[in-house]
Amino acid sequence: MFGLSELVILLLVVIAVLAAKKLPELTRSAGRSARILKAEARASEEEQPAGDRAEPRVLRGEIVTPAATDTGQPRPQA
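Residues numbered from 1 in each chain as written. Predicted model: local features only at pLDDT ≥ 70, side-chain atom pairs only at ≥ 80, totals over all residues. Heavy atoms only, no water.

Here we come to the overall build of the chain. Scanning the chain for helices and strands turns up two helices and zero strands. Within the chain, buried positions represent 0% of all 78 residues. Here the chain has roughly 8,300 Å² of accessible surface; of this, 61% comes from carbon and sulfur atoms. (Helix = DSSP H or I, 4+ residues; strand = E, 2+ residues; numbered from the N terminus. Buried < 20%, exposed > 50% of the residue type's maximum accessible area, 1.4 Å probe, protein only. Areas by Shrake-Rupley, 256 points an atom, 1.4 Å probe, with all protein chains shown as cover.)

As structure tokens, then:
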């Protein structure tokens, strides 16, 4: 019988044979996506100069207490 590693290799070969026509298109698409992502990252870095980077804002919340009529118990079905 086949072991796990042989089955994985066989599966990869089958996928490569069946997807041979689509493989160049998929790699081209992945390359384009990577270039777009890199350009967007560069553009966002250029928007804020290095010395002018703002610190993250801390928003203070408030504690909300339940209303006096709300006991937290489930309501009975009518």
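That covers the picture; the talk isn't over yet.
Glancing now at a nonpolar patch on the surface. A cluster of nonpolar side chains, Phe2, Leu7, Ile9, Leu10, Val13, Val14, Val17 and Leu18, forms an exposed patch at the surface whose accessible area comes to about 820 Å². Along the chain, valine 14 falls in helix α1 (residues 4–18). (Patch = residues over 30% accessible without salt bridge, like charges linked within 9 Å, V, L, I, M, F, W, Y side chains within 5 Å. Salt bridge = Lys/Arg side-chain N within 4 Å of Asp/Glu carboxyl O.)

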